[in-house]
Each structure stands twice: as C-alpha cells, then as structure tokens.
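Listed below, chain by chain, are the residues.
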Amino acid sequence: MKGADVITEYLIDSKIPYVFGICGHGNVGILDSLYQARDRITLVSPRHEQVAAHMADAYFRVRHEAVATLTSCGPGSCNIVMPLAVAISDSSALLAITANVPTSQFNRSPFQEINKHFQADFPNIIRPVVKRSFQPTRVDMLPLALRQATTTMLSGRPGPVNLDVPFNVFQEEDDVEMPLPAPPLNAQRSGASPDEIAACINLILRAKRPVIFVGHGVTLSEASRELTEFAHCLQIPVISSPNGMGTLDMTDSLSLGFIGRNGAYPANEAGRRADLVIAIGARFDDRSASSWMPGYSWNFPATKLIHADVDPAELGRNYPPDVGVLADARTFLRQLLTEVERRPPKRDALKDWLADIKAWQQEWEKFTRPNFEVHASPIRPERVVADCQAVMPPDAILCCDVGVNHNWYMQFWKARQPQTMLNSWGFSGMGFGAAGALGAKLAAPDRPVVAIAGDGCFTMVPHVLCTAVEYNIPVVWVIWNNFGWVSIRDIQLGMFGGREHGTMFHEGANKTPYNPDFAAWARATGVEAITVTKSQDFKGALEHAIKANKPFVLDVHVDAEIRPPSTGAWQLPPTPYKEPVFGKRYLPDTVPAK
C-alpha cells in the first residue's frame, strides 16, 4: 500500500468521518487517496488552517469522537499551533496530520524545512501544544505510529496529537499490516480506592456547607446523570466551570453557575463560605479561583478539599487537597453513590445551608433581572443573552468566542444539557467560536448551532462564511458588534486612569466608531444577513435565522459601556485590585488576609 492509502484506510477503520484540511505541495500525495475514498470519508477544506483545527476541536466537544486535520509543510502547519494550544488547554482531541519535506532532503534546507537544531524539525515547533508528536519516516512505520497516535489522543486526559509525514512517505509503497483502531474515549476508566471513597464520604457527611465544583472532566467523562443523582441525593449545590456547564441542568435549583470574577454571585458566596469543596475534573485556574486570593471565591485551606481528576498533574497544582483522587469522573461519582447507599445522610442535614443558598440566588436575581427587561439601542448585553436563551432549544449548541461577550454568557447562560456550550477557556483563542461552529454543526447536523462572536474575533476569521456556503453548513453567527476589543479596553481604562489606546475601532480625525458592514460582507459571500440595532428586533431576527436552516449572519450592535457585574476577583499583579461590584470578600478567622 501507499503510505497515503494506509493513513486513509486507518482513518476510515477508526470511523473518522471527516478530514478538515488545506492543500499544499507537501500533502498532495494524500489528497488523491482521500478522493478515491470520498464515499467513505469527507474532506472539508476551509480557507485557513486555524479554522480547520478549531472545527476539529469543536466537533470532538460535541460528539466526543475525534476527527483529523491535514496541513502542508511549513507555514500551513504553523497556522494550526494556536488552535492546537486551545485544544490541549481544554482537553479536546484531534489528530493533526502535517506534511514535511522528503526524507532524502532532510537537513539540506529544501523549501519550507525548519532545521536550525534538527532535521525536518516541525515536531519541535508543535511540541508544547500536543500530547505527543510522531514522525514516521517510512511506510512500514505508519501502522505503529497511527495506532499509538490515536490511542494517545483518546486515552487518559484527551488532547491533540500530531502525525508528521514526510512528502515521500505518502507516495512510497510497502507491505504493511493494518493496525486495529484505538479504543474510543472512556474505554478505560480509572477509579478510587475503597479507602479514598470512605475518606471522601466521611468528609461529606460531616460537612455543613458543602459545594460541588465541576469542570470539563465531568463533561468528557459523560457523567451528567451521575452528577445530577449525587447532587440531588445529598442536596449539595453545584458550581460549574464554563466547560462543565450543563452537566447539571442550570435551571436546577442546586445549580449556582460559574465562579470567579465574572461568575454569579451565589456561586462566589457559596464557594467562599463553604466548609467542603468536592472538585471533580476541574482545574482551579486564576479566573475560576479569583487569582487564588483568599476570600473572593475560595478559602483553602480553611475549607476542606476533595479533588478528583484523571490527570495527576492537576491534583495539588494550586490547592493541596485533603483527599486527592486520581480517577475518572463518572467512575468516582458512581463509587460515591454506592457508598452513600450504604451510609445515607441525615434528612435535612443541609437545611440551613440551602436556605442561605436560596437567599443569595434571590438577591442576585433581584439585582440583575431588571436589566434583562430593558429595551435600548444599542442593545444591552443582557437582552442578547436573554433572547438567545428564549429562542434556542435546550439541545442547541452555543459556540462562544472570547472577549466581553463571553463574560456575559459565562455569568448568565443556563446550559440545559452537557456539550451544548463550547468555550475556548484555558487558552482563549480568538476565532474559536466563529470557526468552531462549523465543526459543531457537522457533529450535530439536526441541532441549531449559534456562534456568539465579537466583532474583533469575527474579523480574524471572516472566511468561515465561504466554507459555510461551499459545504452548505447552516450555522448562525451572532456578531456582538461593540466596535472594539472592549474587554481589553476595560482593563486598560481601569489600569491607566481612564485612558484608551489601540483597543477601539475608529476612522477619521473625529474617531468615529468603525466596522465593516458585516451584513453586506456576509451577503457578498452568499450568506443571508440582517443588521440589528434595536433590542426589540433581535429575538425575531434570531428565530428567523435559525428557521432558515442556512448560513446566516446577525450583525448585532451591543452597548460597549455596560459591563458585567464583578462578584469575584481577577488580579494582574502588580496592579492593585478593586473590590467586586456586587458582593464582598469573606475571610474566616483561620485564613490570613493578604
């Protein structure tokens, strides 16, 4: 078999339906193989490599099944470094197939070879943003490399893996035995020891103010049912990271939302006053831990911590746990449930704690709800979130790009199901939402997919519209148009006495707010579009765009002067930190103030 045919047949045997790829002289050898197999595997060719990798990332987040990307030598493959960083930061799996120069030309500086420190050295360019890079230099090396690459990609904490293939290996032939496909995600699940489970239940049954903190690990483990049963059984409230949203229906009275600077007030109040935190598949990054400053979101070590994660590197990274458990989230929750059956909690043991929780929820609702009802032009951010919530069905997929728009959705979006709110959380790559929505729609063709993309993010990847038209991918893009990189502008205003430079979009000496006419831009690509400047018009426009079942752009003009209320903290040292807008720091006596 030719090397290209070995790769193509292995992808098909692994039930990989798509390759998101960009042509180049380095990978032409596999394009014909994909053509010959086009009835069994589909090549989708977006206009930029960044988009290809974001598409693959989002596809995996929706289906928990990986697909492949294909890029050529040199600059083409360098263009996927950023989206791979997004994927590895958020534990999202994809197989990045990159081309390289012919082996006969290694270390001779042919066109597009990187060889300053090692021949054909693209694996060292990509090394920090993949779990592993494989570079088979002969056809007979491909079967082992393919099996190891896909197994690495889907085992343990999932993530992107690179297969770097020299030009000639695609076309050379050898007698090879095709390897078996890798086990699917979650085929192997680790569990806690009986002693660890007993220690966890001891802490849980003694706690008077417990909370559960769930992250992407619960989503990846597909542990929504177990989490819901466990939370309801013990009546423990649940705080979610953005990638854990929907693992407990966020309309549930036990759901407190996100925590941290742009978190919900009930989540921060519960986190900083809890006496036990049960963290499952969550990382305690700076934004969800208020920059690790005591009293804003958490109060470790005064608060006891049970931390379960499939990745040993996360246990104790930021907070040493009282009980650290190296385990799959679903298995861990099932073990807890089994032990709770044997040792049921006292009835109404958390009655006072739940009363406090309810009071905080009511206080937050009273503070925020009036703004959701306001009609204005430009549109208040809350109205955009509220109308999306009203129009989109529970199984619709929301692809959030980064920026101030994402802050509003983190704070107020109520995901009803897991794998329905996609976020670039750990690395925060601009363009993820606008581009990833294409992959999300291919993963779930029968469900609405709406991308919420700031004007800054969208103008980085506007060619996504071309791909949507070429391949008939009916995504709705809501462009959060506030004429600037407003989240960074607000940081700049706060740090430097109200001065702004380089963060807003202007034209002319009078600094008139400027953006392209996004609706006209969309129509030029063949995509239907509407410009929305009044809040009364947005809900109907979104309903129309979703029902149209075709690529659609809504250019929505949003008020840039209204900011999400801060309920936690986010410090960028050495800048002095200002207190939250809503809520206040709480320090128990056992936690020293800093």
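See the structure shown above.
Owing to the predicted nature of the structure, the values given are computational and were not obtained by experimental measurement.

What is the right way to read the nonpolar core from this model?
Judged by nonpolar contacts, the single largest core of 99 residues is most densely connected at I212, F230, V277, W298, F332 and Y409. Broken down by element, this core gets its largest block of residues, six residues, from helix α13 (residues 329–342). Among all residues touching I212, those that are not within four sequence positions of it are L227, F230, A231, I236, P237, V238, I239, I278 and I280. Counting 90 residues, the second-largest nonpolar core is a separate cluster that includes V44, M153, L442 and V527.

How should I be thinking about the state of the cysteines in this particular structure?
What is meant by a disulfide is a covalent connection between two cysteines, made through their sulfur atoms. Evaluation of the coordinates by the stated rule reveals zero disulfides. Free cysteine: C78, not disulfide-bonded; nearest cysteine sulfur from C73 at 11 Å. C200 takes part in no disulfide bond, and the closest cysteine sulfur, belonging to C233, lies 15 Å away.

Teacher, can you tell me more about the packing of helix α15 (residues 381–391) against helix α16 (residues 404–412) here?
Packed helices, taken two at a time, are described by the angle their axes make and the gap between the axes. Their axes nearest at 10 Å, the elements α15 and α16 cross at an angle of 55°. The orientation of α15 with respect to α16, classified from their angle, is oblique. Between α15 and α16 the crossing geometry is right-handed. For the pair α15 and α16, contact is made by P381, E382, V384, V385, C388 and Q389 and by W408, Y409 and F412, respectively.

Help me understand unusual backbone geometry, please; the structure alone is not making it clear to me.
Negative phi values dominate among residues other than glycine, just as trans dominates among peptide bonds. Of the consecutive residues F300 and P301, the connecting peptide bond is found in the cis state with omega at 10°. Examined against the element boundaries, P301 turns out to sit in the loop between β10 (276–280) and β11 (304–309). In this chain, P573 is followed by P574 through a cis amide linkage whose omega measures 10°. Here P574 is to be found in the segment after β20 (552–557). The phi dihedral of N186 is positive, around 70°, even though this residue is not glycine. By secondary structure assignment, the location of N186 is in the loop between α8 (167–171) and α9 (194–206). A positive phi angle, near 65°, is found at W292, a position not held by glycine. The residue W292 is located in the loop between β10 and β11 in this model. For W292, a relative accessible area of 37% translates into the label partly exposed.

Quick question: what am I supposed to make of the side chain of S424 here?
Summarising the element assignment, S424 is placed in the loop between β14 (421–423) and α17 (432–443). Side-chain polar atoms of S424 contact the backbone nitrogen of S428, separated by 3.1 Å. Among the polar contacts listed, one links the side chain of S424 to the backbone nitrogen of G429, at a separation of 2.8 Å. The residues contacting S424, other than those within four sequence positions of it, are V86, D90, C400, V402, G429 and F432.

I keep staring at a nonpolar patch on the surface and nothing clicks. Help me out?
Together, M460, W485 and I488 make up an exposed nonpolar region whose accessible area comes to about 280 Å². Position of W485 among the secondary structure elements: in the loop between β16 (476–481) and α20 (486–495).

Please clarify how the sheet that holds β11 should be interpreted in this entry.
Whether parallel or antiparallel, the strands of a sheet pair through hydrogen bonds between backbone atoms. Taken together, six strands build an open sheet; the order of strands is β9-β8-β7-β10-β11-β12 and the sheet is parallel. Of all the strands in the sheet, the pair left with one neighbour each is β9 (255–257) and β12 (323–326). Averaged over all pairs of adjacent strands, the angle between strand axes in this sheet comes to 20°, irrespective of strand direction. The sheet contact formed by β11 and β12 spans four bridges and is parallel. Looking across to β12, one finds that I306 is bridged to V323. Across the face of the sheet, α9 comes into contact with β10, β11 and β12 while running at roughly 135° to β12. Taken strand by strand, helix α11 (residues 224–234) contacts β7 (210–214), β8 (238–240) and β10, and its axis lies near 170° from that of β7.

For this particular structure, what's the right way to read the packing of helix α1 (residues 3–13) against helix α2 (residues 28–36)?
Look at α1 against α2: their axes get within 9 Å of each other, and the N-to-C directions meet at 50°. In terms of orientation, α1 and α2 fall into the oblique class. Relative to α2, α1 is oriented so that their crossing is right-handed. Counted together, A4, D5, I7 and T8 of α1 and G29, I30, S33 and L34 of α2 form the full contact between these two elements. Here the residues of the contact of α1 with α2 sort into four nonpolar, three polar and one charged.

Scoring rules and cut-offs
- Residues numbered from 1 in each chain as written.
- Predicted model: local features only at pLDDT ≥ 70, side-chain atom pairs only at ≥ 80, totals over all residues.
- Heavy atoms only, no water.
- Core = buried A, V, L, I, M, F, W, Y, C linked by side-chain atoms within 4.5 Å.
- Buried < 20%, exposed > 50% of the residue type's maximum accessible area, 1.4 Å probe, protein only.
- Helix = DSSP H or I, 4+ residues; strand = E, 2+ residues; numbered from the N terminus.
- Contact = heavy atoms within 4.5 Å.
- Disulfide = S-S within 2.5 Å.
- Axes fitted to C-alpha atoms, helices over the stretch in contact; angles between N-to-C directions.
- Parallel < 35°, antiparallel > 145°, perpendicular 65-115°, else oblique.
- Left-handed = near helix turned anticlockwise from the far one by under 90°.
- Polar contact = N/O pair within 3.5 Å; in protein donor to acceptor, adjacent residues only side chain to side chain.
- Patch = residues over 30% accessible without salt bridge, like charges linked within 9 Å, V, L, I, M, F, W, Y side chains within 5 Å.
- Areas by Shrake-Rupley, 256 points an atom, 1.4 Å probe, with all protein chains shown as cover.
- Salt bridge = Lys/Arg side-chain N within 4 Å of Asp/Glu carboxyl O.
- Pairing = 2+ DSSP bridges.
- Nonpolar A, V, L, I, M, F, W, Y, C, P; charged D, E, K, R; others polar.

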